[in-house]
Amino acid sequence: MNTTFEIDIASKGYIDAAIDPELDLVEEIERLKKEKNAVILAHYYQESEIQDLADYIGDSLGLSQQAAKTDAEVIVFAGVHFMAETAKILSPDKKVLLPDLKAGCSLSDSCPPHLFAKFKERYPDHLVITYVNCTAELKALSDIVCTSSNAVQIVESLPEDQKIIFGPDRNLGAYVQKKTGREMVLWNGACMVHEIFSQERIDALRMAYPDAKFIAHPECEDHILDQADFIGSTSGMLKFTIEDPSPVYIVATESGILHQMQKASPSKTFIPAPPNNLCACNDCPHMKLNTLEKLYNCLYHEQPEIVLPLDVINRAKKPIERMLEISAKLGL
Ligand code: 13P
Ligand code: SF4
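Residues numbered from 1 in each chain as written. Chains lettered and ligands numbered in written order. Predicted model: local features only at pLDDT ≥ 70, side-chain atom pairs only at ≥ 80, totals over all residues. Heavy atoms only, no water.

When you tally the buried positions in strand 11 (residues 248-252), you get five out of five residues, the bulk of the element. Burial along strand 11 is two-sided: Val248, Ile250 and Ala252 and Tyr249 and Val251, pointing in opposite directions, are all buried. Two elements, strand 9 (residues 213-216) and strand 11, share four bridges in a ladder whose sense is parallel. From the neighbouring strand, Phe214 faces strand 11, where its bridge partner is Ile250. For strand 11 and strand 12 (residues 269-272), the ladder comprises four bridges, and the chain directions are parallel. When the sheet's bridge partners are listed, Ile250 is paired in strand 12 with Ile271. (Buried < 20%, exposed > 50% of the residue type's maximum accessible area, 1.4 Å probe, protein only. Helix = DSSP H or I, 4+ residues; strand = E, 2+ residues; numbered from the N terminus. Pairing = 2+ DSSP bridges.)

This brings us to the layout of surface pockets. The calculated volume of the largest pocket comes to roughly 290 Å³. Lining the largest pocket are 18 residues; nearest its centre among them are Ser149, Phe230, Ile231, Gly232 and Ser233. Elements that contribute at least two residues to the lining of the largest pocket include exactly helix 9 (151-156), helix 10 (170-180), strand 10 (230-231) and helix 13 (234-243). Here the lining of the largest pocket takes four residues from helix 13, the largest share from any one element. (1 Å grid on protein atoms, 1.4 Å probe; cavity = no way out; pocket = protein on both sides within 12 Å on 5 of 7 lines; lining within 4 Å. Points joined across faces, edges and corners; volume = space filled by probe spheres on them.)

Our focus in this paragraph is the sheet that holds strand 4 (residues 95-97). Strand order in the open sheet made by the four strands is 2-1-3-4, with parallel pairing throughout. Only two strands of the sheet have a single partner each, and these edge strands are strand 2 (56-58) and strand 4. Neighbour-to-neighbour, the strand axes of the sheet open up by a mean angle of 20°, direction not taken into account. (Axes fitted to C-alpha atoms, helices over the stretch in contact; angles between N-to-C directions.)

Another aspect to go through is the pairing of strand 3 (residues 74-78). Counting buried positions along strand 3 yields five of five residues, so the element is predominantly enclosed. Neither face of strand 3 is open: one carries Val74, Val76 and Ala78, the other Ile75 and Phe77, and all of them are buried. Two elements, strand 1 (residues 38-43) and strand 3, share five bridges in a ladder whose sense is parallel. In the sheet register, Ala38 faces strand 3, and the bridge partner there is Val74. Following the backbone out of strand 3, through helix 5 (residues 81-90) and into the adjacent parallel strand 4, one traces a crossover that is right-handed. (Right-handed = clockwise from strand over helix to strand, strands pointing away.)

Let us now look at the packing of aromatic side chains. Applying the stated rule across the entire model yields eight aromatic pairs. Pairing Tyr249 with Phe270 gives two aromatic rings, centres 5.5 Å apart and planes at 15°, and the pair type is stacked. Placement of Tyr249 in strand 11 and of Phe270 in strand 12 is noted, with a sequence separation of 21 residues between them. Accessibility expressed as a relative area gives 0% for Tyr249, which makes it buried. Through pairs of rings, three or more aromatic residues link up here, namely Phe116, Phe119, Tyr123 and Trp187. Across the ring face of Tyr14, the terminal group of Lys294 is positioned such that the distance to the ring centre comes to 4.2 Å. (Phe/Tyr/Trp six-rings, centres within 6.5 Å; stacked < 30°, edge-to-face > 60°. Lys NZ or Arg CZ within 6 Å of the ring centre and 35° of its normal.)

With an omega of -10°, the peptide bond between Gly167 and Pro168 qualifies as cis. Residue position: Pro168 is located in the loop between strand 7 (164-167) and helix 10. The linkage connecting Gln303 with the following residue, Pro304, adopts the cis geometry, with an omega of -5°. Looking at the secondary structure, you find Pro304 in the loop between helix 15 (292-301) and helix 16 (310-329). Backbone geometry places Asn37, a non-glycine residue, at a positive phi of 50°. Considering the arrangement of structural elements, one finds Asn37 in the loop between helix 2 (25-35) and strand 1. A relative accessible area of 31% places Asn37 in the partly exposed class. The phi dihedral of Glu302 falls on the positive side, at around 55°, and the residue is not glycine.

Residues in contact with ligand 1 amount to 13 residues; listed here are only the nearest, His43, Ser60, Ser148, His217 and Thr234. Separating an oxygen atom of ligand 1 from a side-chain N or O atom of Ser148 is a distance of 2.8 Å. Here an oxygen atom of ligand 1 sits 2.7 Å away from a polar atom, N or O, in the side chain of His217. Summarising the interface, the protein chains cover 96% of the accessible area of ligand 1, which totals 300 Å² for the free molecule. Judged by the proximity of its atoms to the pocket grid, ligand 1 belongs to the largest cavity. (Near = heavy atom within 4 Å. Polar contact = N/O pair within 3.5 Å; in protein donor to acceptor, adjacent residues only side chain to side chain. Areas by Shrake-Rupley, 256 points an atom, 1.4 Å probe, with all protein chains shown as cover. Sits in = over half its atoms within 2 Å of the grid points.)

Positionally, Glu85 belongs in helix 5. This buried residue, Glu85, is left without a salt bridge; Lys139 holds the nearest opposite charge, at 5.3 Å. Every residue in contact with Glu85, bar those within four places of it in the chain, is listed here: Cys134, Thr135, Ala136, Ile306 and Leu308. (Lys, Arg positive; Asp, Glu negative; His and termini not counted. Salt bridge = Lys/Arg side-chain N within 4 Å of Asp/Glu carboxyl O. Contact = heavy atoms within 4.5 Å.)

If you want it as structure tokens, here you go:
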């Protein structure tokens, strides 16, 4: 017989238990964290209130590195499914929790592993590099995983005559090709959030703010990246805004990152680059499924948990470890 929570998780993706409205959720989450020896990892695209109580906030590379070295017994991943899977692959003996199992990823979904396996068969002499934004199954089909902050360096670290398949993001792949001058076979996937920026609305903003620097994530399309003053991962963009003297930035990525930018540089102005619709900024609907309430219930009940077959963990671990080794060697 299923418990109410199992039914909740199967139908809604999260535990929908009532919470005492008088409870101070932030305080309770802090208390539960200590009691359970848990750590909260949050991606920069999470709601500000979640970022503020996380033990570590980062981009995909930083979060993977953190997941690999934490000695907590429980990891609560405030991010999306593939990120929590990466934490489970690197820490198979820990309990890895995701506040909402339905927090998926359009990019990851754009590359079903059974189709990628067939694609790969067409290029038997190619090395497979996959962007970390993909399922554990896809990682298990790869030789090296990369993130947006190390993709260029990982490709550059390989012999020049090495043939490469790159997936699943065609935009990051095209950016890496441009930066390295290497031809790669690209899988035709993309992130819905980074493909809907409006060129026209960005141009209008740049006219209105002539002092502004335009910074963009490499998941954006080529024509957007072509106009950028800086291109980088979320942590790369954050670092740039801290070190660069400009007073204003137009930021082409998910709007959650603006919270840390504003915190780090309170006197500067950050404007989210607008999408091709009536909204002012771009939110990832998957990332934003996580809420403080879901995080509290998840930590309290220790569900939903990420469970992966041991065989997938073992196969997916190798390409991630290879990425971490190359990154460490290159001092990234
Ligand atoms: P990074 O934070 O690694 O740049 O990744 C961006 C992203 O889209 C995560 O889902
Ligand atoms: Fe996936 Fe794009 Fe959302 Fe990142 S921003 S989780 S790549 S859909």
